[in-house]
Amino acid sequence: MKFPTWKTLESRARALSALREFFGQRGYLEIESRAMRDTTANDPYIESFKTSWCSSDQPFFLQTSPEYAHKILLSRYRHPIFEIARVFRNEPHGALHRREFTLAEWYRPDADYRDMMTETEALVRAISRCLQADDWHSNAREHSKPIAISAEPFERLTVAEAFERYAGFSPIGMDKQTLADAAKAVGSRVSTDWSWNDIMNCVLVDHVEPKLGMDRPTFLIDYPASMASLAQVRHTPQGNVAERFELYICGIELCNGYSELNDPDELRARFEADNAERISLGLDSLPIDEPLLEALPALGKLGGNALGFERLLMLCLHLDDMGEVMFEA
């Protein structure tokens, strides 16, 4: 088991104070949502811990994110909110993965994903200043090098641009066979039996992610519409794209943000598609969060983001494993 130094624990405490100060100065209200609810994320690639209450047959789930609860609250009170949430994911441990970790998650009404990227950059800089970091670095990804913290804005790179730069093609608008052929041509071991998203993710992991944020922090934006998750989708001449972003520093993904979807019919269709994919993968179908669907129309225009707090600490403190920045005993 990794164990943080006392100095690191002091740094973590300072960073938490700075995070609260950052949001407080911007008019956010800190909230606390339940860690256990009777619904959970339907994502086929995020597995929840499942439990039950006393002798009841009703299943409950430890939350992978407070997102659903936040949106239900926002449908009643249209006000910026944030939470420093302990969340749970049933996945193997690794340098960048734990079954229990901390998300800084926040939502701002009348904002979109561009506004959230601007605010995310400001937050990362504020935490880095608090920790007196001169650069960001972690060896959790191979071939990384320190990135000096400068006034230069973070890069914003579309998925199409990133794939063209690092894989030699853009996946936007490709059918599955064409995508599979392009993936094989650049050396990714994929199968046409896979889903379009699986092939896409394989190339992303093999050729794109390891190169992102190596010279300066990079927002990867405008994902294929099939990877929208809970984001709005817009039309482009090349094909539909999701108003979604992830931030990478030294090849490490730090966050996942959206222009939030507010169409309940569309979200129900996505949840049903997710459950169909879960079944095809041999996983349980999960209950659809009806209170969330009822809340969506009242959300209006909304921006949201969830940032991995331990990963940011690793980069600011030059550490290589999440266990070095969190107390796991």
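In the block above lies the structure referred to throughout.
This is a predicted model, so every value here is computed, not measured. (Residues numbered from 1 in each chain as written. Predicted model: local features only at pLDDT ≥ 70, side-chain atom pairs only at ≥ 80, totals over all residues. Heavy atoms only, no water.)

Novice: I tried to follow helix 2 (residues 67–74) on my own but got confused; where do I start?
Specialist: Because each turn of an α-helix spans 3.6 residues, side chains separated by three or four positions in sequence point in the same direction. Glu67, Tyr68, His70, Lys71 and Leu74 are the residues of helix 2 that are buried. Buried residues of helix 2, seen end-on, are gathered within an arc of 160° and therefore sit on one face of the element. (Buried < 20%, exposed > 50% of the residue type's maximum accessible area, 1.4 Å probe, protein only. Helix = DSSP H or I, 4+ residues; strand = E, 2+ residues; numbered from the N terminus. Arc of directions from axis to C-beta.)

Novice: I'm lost on the sheet that holds strand 4 (residues 59–62) in this one. Help?
Specialist: As a general point, the strands of a sheet are linked pairwise by backbone hydrogen bonds and lie either parallel or antiparallel. Taken in spatial order, the three strands line up as 2-4-3 in an open sheet, and their pairing is antiparallel. Two strands close off the open sheet at either side, each with one partner strand: strand 2 (36–37) and strand 3 (50–52). Summarising the sheet, strand 2 and strand 4 pair through two bridges and their orientation is antiparallel. When the bridges of strand 4 are listed, Met36 appears paired with Leu62. (Pairing = 2+ DSSP bridges.)

Novice: Teacher, can you tell me more about a nonpolar patch on the surface here?
Specialist: Nonpolar side chains collect at one region of the surface, where Met1, Phe3 and Phe327 lie side by side and expose about 400 Å² of accessible area between them. Residue position: Phe327 is located in the segment after helix 9 (309–317). (Patch = residues over 30% accessible without salt bridge, like charges linked within 9 Å, V, L, I, M, F, W, Y side chains within 5 Å. Areas by Shrake-Rupley, 256 points an atom, 1.4 Å probe, with all protein chains shown as cover. Salt bridge = Lys/Arg side-chain N within 4 Å of Asp/Glu carboxyl O.)

Novice: How should the packing of aromatic side chains be read in this particular structure?
Specialist: For the structure shown, the criterion picks out ten aromatic pairs. The interplanar angle of 85° and the centroid separation of 5.3 Å between the aromatic rings of Phe22 and Phe23 together place this pair among those described as edge-to-face. Overall, the relative accessible area of 1% leaves Phe23 in the buried class. Through a chain of ring-to-ring contacts, three or more aromatic side chains come together here, namely Phe22, Phe23, Tyr28, Phe82 and Trp106. (Phe/Tyr/Trp six-rings, centres within 6.5 Å; stacked < 30°, edge-to-face > 60°.)

Novice: Is there a simple way to think about the packing of helix 1 (residues 6–25) against helix 3 (residues 113–130) in this case?
Specialist: In a packed pair of helices, the relevant descriptors are the angle between the two axes and the axis-to-axis distance. As a packed pair, helix 1 and helix 3 sit with axes 9 Å apart at the nearest point and diverge in direction by 140°. Viewed along their axes, helix 1 and helix 3 adopt a mutual orientation that is oblique. The two elements helix 1 and helix 3 cross, and the hand of that crossing is right-handed. Contacts between helix 1 and helix 3 pair Arg14, Ala15, Ala18, Leu19, Phe22 and Phe23 from the former with Glu119, Ala122, Leu123, Ala126, Ile127 and Cys130 from the latter. Tallied by class, residues from the contact of helix 1 with helix 3 come to ten nonpolar, no polar and two charged. (Axes fitted to C-alpha atoms, helices over the stretch in contact; angles between N-to-C directions. Parallel < 35°, antiparallel > 145°, perpendicular 65-115°, else oblique. Left-handed = near helix turned anticlockwise from the far one by under 90°. Contact = heavy atoms within 4.5 Å. Nonpolar A, V, L, I, M, F, W, Y, C, P; charged D, E, K, R; others polar.)

Novice: What's the story with the nonpolar core in this structure? I'm lost.
Specialist: Generally speaking, nonpolar side chains in soluble globular proteins are found buried as a group. Of all hydrophobic cores here, the largest spans 50 residues; its most connected members are Leu19 and Ile249. Here this core takes seven residues from helix 3, the largest share from any one element. Apart from residues no more than four positions distant in its own chain, Leu19 is found in contact with Phe82, Ile84, Ala104, Leu123, Ile127 and Phe309. Judged by nonpolar contacts, the second largest core, of 42 residues, contains Leu179, Leu212, Leu220 and Leu261. (Core = buried A, V, L, I, M, F, W, Y, C linked by side-chain atoms within 4.5 Å.)

Novice: Can you help me understand the environment of Ala160 in this one?
Specialist: By the element assignment, Ala160 lies in helix 4 (residues 159–166). Between the C-alpha atom of Ala160 and that of Glu30, which follows or precedes it by 130 residues, the distance is 36 Å.

Novice: Could you clarify how one ought to interpret the environment of Leu317 in this entry?
Specialist: Within the secondary structure, Leu317 sits in helix 9. Ignoring sequence-local partners within four residues, the contact set of Leu317 consists of Thr8, Ser11, Leu131 and Val325.

Novice: When you look at helix 5 (residues 176–185) in this model, what are you seeing that I'm missing?
Specialist: For helix 5, the full list of buried residues reads Leu179, Ala180, Ala182 and Ala183. Relative to the axis of helix 5, the buried residues are bounded by an arc of 165° and lie together on one face. Close packing links the buried residues of helix 5 with helix 6 (196–208). Taking the backbone nitrogen of Gln177 as reference, a side-chain oxygen 3.3 Å away marks Asp175 as the first, capping residue of helix 5. With its phi angle positive at about 100°, Gly187 sits one or two positions after the end of helix 5. (Polar contact = N/O pair within 3.5 Å; in protein donor to acceptor, adjacent residues only side chain to side chain.)

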